[in-house]
Amino acid sequence: MGLKGVNRIMIAVHDLERSKKLYEELLGATFLDANWTGEPFGIHVAIAWDAGIELCAPMPGRETDSVISWFLATRSEGIMSVFFGVSDGEAALERSAAAGYTCSHTLDYTQAEIDEHLGGLFSRYQEFNIDTGQRCGFAVSLARIEEKASQMA
């Protein structure tokens with residue numbers, strides 16, 4: 001599976017703009033809006049690849065029924081998911097299944113989607129969200145994200 005360490009953490013927040021400003025001032029993080037990834041789940045998303053932070057907040061009008069509403073209502077703001085980089089997403093998924101975990105959601109973007117929505121930063125973008133919340137206290141996501149060769153220089 002080739003574990004590559006932590007790719008980023010996902011933080012559930014009430015106010016996306018206020019939280020972006022906080023991490024921009026605190027860390028100098030540069031956020032890219034990624035709302036297109038969260039709209040089906042009722043959330044707005046901003047990712048700072050340089051800081052390894054993904055912020056998620058309920059969309060206006062979705063405060064009680066978004067994918068993160070329960071987390072915010074019961075735990076308030078905080079780390080909801082940790083994304084671990086892997087070199088082989090399918091092998092990592094098989095390993096988690098063998099350990100008794102199920103996959104709740106997957107993402108596997110085409111190069112056209114990567115170019116359109118992620119600024120063409122990557123040659124591969126795949127995620128498997130694993131149901132580990134009850135056993136780990138947060139969700140684990142397995143992320144096969146490969147930077148384009150030109151981005152690594």
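To keep things clear, this report deals only with the structure shown in the data block. From a predicted model like this one, the values you see are computed outputs, not experimental measurements. (Residues numbered from 1 in each chain as written. Predicted model: local features only at pLDDT ≥ 70, side-chain atom pairs only at ≥ 80, totals over all residues. Heavy atoms only, no water.)

Observations regarding the sheet that holds strand β2 (residues 32-33)
Rules: A pair of strands is labelled paired if DSSP reports no fewer than 2 bridges between them. Helix numbering and strand numbering both begin at the N terminus, where a helix is a DSSP run of H or I of at least 4 residues and a strand a DSSP run of E of at least 2.
Strand order in the open sheet formed by 8 strands is β2-β3-β4-β1-β5-β8-β7-β6, and the pairing between neighbours is mixed. Since the sheet does not close on itself, it has two edges, and those belong to β2 and β6 (103-108), each with one partner. Where strand β1 (residues 3-12) and strand β4 (residues 53-58) come together, 4 bridges link them in parallel fashion. By the bridge assignment for β4, A12 is matched with C56.

Describing the pairing of β4
Quick reminder of the rule: The buried label goes to any residue with under 20% of its type's maximum accessible area, the exposed label to any with over 50%, and the partly exposed label to all in between, with areas taken from a 1.4 Å probe on protein chains only.
Counting buried residues along β4, 6 of its 6 residues qualify, which places the element largely inside the surrounding structure. Across the two faces of β4 the burial is the same, with I53, L55 and A57 and E54, C56 and P58 all buried. Here strand β3 (residues 43-48) runs beside β4; their pairing, made up of 6 bridges, is antiparallel. Paired with I43 across the bridge in β4 is P58. In sequence, β3 turns back onto β4 through a hairpin of 4 residues, with G52 there showing a positive phi of about 70°.

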